Amino acid sequence: EHGHCNVPKNHGALGTWVMHQRTTGSKLSEGRVRALDELGFTWKPRESAWNARFEELANYKREHGDCDVPSNHGTLYKWVNKQQKRKNKLSKGRVEALNELGFTWKL
């Protein structure tokens, strides 16, 4: 129905169950982990969301030649602004990935 396994924790019993699988993932049997992986289970939803936005930015750059996303690009524009404001809090890997893309750190 939704096309993904990224169920929010506030989505009733299923959301609670998904959150439990994520927090106890290292204690699950190999078979359960494999079964969840085969479904496309999202173990780290925040990381997955960041990577998806990064790919969206990479696509934007391919199309427009830069990473200067205008405000009429809604969610991507907000994400870019958030990255600019949080540069000192981002992991080294994320900063490097953004730099390699030609990200503009100005505010």
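Residues numbered from 1 in each chain as written. Predicted model: local features only at pLDDT ≥ 70, side-chain atom pairs only at ≥ 80, totals over all residues. Heavy atoms only, no water.

Enquirer: Before we go on, may I ask you to explain the overall build of the protein chain in this structure?
Expert: Of the regular secondary structure elements, the protein chain holds five helices and zero strands. Overall, the protein chain shows an N-to-C arrangement of helices and strands of α-α-α-α-α. Against the 2.2 N^0.38 benchmark of 13 Å for 107 residues, the protein chain shows a C-alpha radius of gyration of 17 Å, more extended than a compact globule. Here the protein chain, with 107 residues, has 27% of them falling under the buried criterion. In the protein chain, 31% of the contacts between residues at least 6 apart in sequence involve partners at least 24 apart. Side-chain charges of the protein chain comprise 19 positive and 12 negative groups, with the mean position of each set lying 10 Å from the other. (Helix = DSSP H or I, 4+ residues; strand = E, 2+ residues; numbered from the N terminus. Rg over C-alpha atoms; globule rule 2.2 N^0.38 Å. Buried < 20%, exposed > 50% of the residue type's maximum accessible area, 1.4 Å probe, protein only. Contact = heavy atoms within 4.5 Å. Lys, Arg positive; Asp, Glu negative; His and termini not counted. Charge placed at Lys NZ, Arg CZ, Asp CG, Glu CD.)

Enquirer: Could you clarify how one ought to interpret the environment of Val 18 in this entry?
Expert: Looking at the element boundaries, Val 18 is found in helix 1 (residues 12–23). Under the relative-accessibility criterion, Val 18 is labelled buried at 2%. Separated by 10 residues in the primary sequence, Val 18 and Pro 8 have C-alpha atoms spaced 8.1 Å apart. If sequence neighbours within four positions are ignored, Val 18 has contacts with Val 7 and Phe 41.

Enquirer: Whenever I open this one, the packing of helix 3 (residues 45–64) against helix 5 (residues 92–101) confuses me. Can you help?
Expert: The relative placement of two packed helices comes down to the angle between their axes together with the axis-to-axis distance. Relative to each other, helix 3 and helix 5 sit at 10 degrees, their axes nearing to 11 Å. By the angle between their axes, helix 3 is roughly parallel relative to helix 5. Residues Arg 46, Glu 47, Trp 50, Phe 54, Leu 57, Ala 58 and Lys 61 of helix 3 form the contact with helix 5, whose participating residues are Arg 94, Ala 97, Leu 98 and Leu 101. Residues that form the contact of helix 3 with helix 5 fall into these classes: seven nonpolar, no polar and four charged. (Axes fitted to C-alpha atoms, helices over the stretch in contact; angles between N-to-C directions. Parallel < 35°, antiparallel > 145°, perpendicular 65-115°, else oblique. Nonpolar A, V, L, I, M, F, W, Y, C, P; charged D, E, K, R; others polar.)

Enquirer: How do you make sense of the packing of helix 3 against helix 4 (residues 74–85) when you look at a structure like this?
Expert: Packing of helix 3 against helix 4 brings their axes to within 10 Å, and their N-to-C directions diverge by 105 degrees. By the angle between their directions, the pair helix 3 and helix 4 is classed as roughly perpendicular. Contact residues: Trp 50, Arg 53, Phe 54, Glu 56, Leu 57 and Tyr 60 in helix 3; Thr 75, Leu 76, Trp 79, Val 80 and Gln 83 in helix 4.

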